[in-house]
Amino acid sequence: MPKWLIYALMATAIYGFWGFFPKLASDYLDPKSSMVYQTLGSAVGALVILATLRFRLPVQIKGITFSMLAGIAGVVGTQFLLMALSEGKASLVTPVTALYPIGVILLAILILRETLTLRQVCGILLSLVAIYLLAG
């Protein structure tokens, strides 16, 4: 099994908890407070990872800029996820938000000039049908 696939499957498993724990938090906290505590948890997690790895922080402006933008997008997206979870069912909200790769695909096509096969286009269309079915 390729290394990238092992990492991707591990990320998928951990993201399952990332999508589930906020729903539990919404039973006790409002979305803004939950965001503060989730961000603190992210900082603790990052510090633990950095402490356990040999790591030297590179300084590369474009990389830093895109990383910071990713962090901002993650926080803003998470805030909307927390708001959605406080109003809806985790079994519906999380699968809909988990279809965020559709946005990645569109950006990859438009900016990175990546191409899709007919099979991949069909997969995207089916995921849009899934949103419709889940939201209906």
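Model, not experiment: these values are computed from the prediction.

(A) Looking closely at the environment of P95. Turning to its location among the elements, P95 is positioned in helix α4 (residues 90–97). Taking relative accessible area as the criterion, P95 reaches 31% and is therefore assigned partly exposed. With 76 residues separating them in the primary sequence, P95 and G19 have C-alpha atoms 9.0 Å apart. Aside from chain neighbours lying at most four places away, what touches P95 is A90 and L134.

(B) Inspection of unusual backbone geometry at higher detail. Not every positive phi belongs to a glycine, and R113 is a case in point at roughly 60°. Within the secondary structure, R113 is located in the loop between α5 (101–110) and α6 (118–135).

(C) Broad picture of a nonpolar patch on the surface. A surface patch of nonpolar side chains, about 1,100 Å² in accessible area, is lined by L106, L107, I109, L110, I111, L112, L116, L118, V121, L125 and L128. Among the secondary structure elements, those contributing two or more residues to the nonpolar patch are α5 and α6. For L116, the position within the fold is in the loop between α5 and α6. Taking relative accessible area as the criterion, L116 reaches 34% and is therefore assigned partly exposed.

What counts, and at which threshold
- Residues numbered from 1 in each chain as written.
- Predicted model: local features only at pLDDT ≥ 70, side-chain atom pairs only at ≥ 80, totals over all residues.
- Heavy atoms only, no water.
- Helix = DSSP H or I, 4+ residues; strand = E, 2+ residues; numbered from the N terminus.
- Buried < 20%, exposed > 50% of the residue type's maximum accessible area, 1.4 Å probe, protein only.
- Contact = heavy atoms within 4.5 Å.
- Patch = residues over 30% accessible without salt bridge, like charges linked within 9 Å, V, L, I, M, F, W, Y side chains within 5 Å.
- Areas by Shrake-Rupley, 256 points an atom, 1.4 Å probe, with all protein chains shown as cover.
- Salt bridge = Lys/Arg side-chain N within 4 Å of Asp/Glu carboxyl O.

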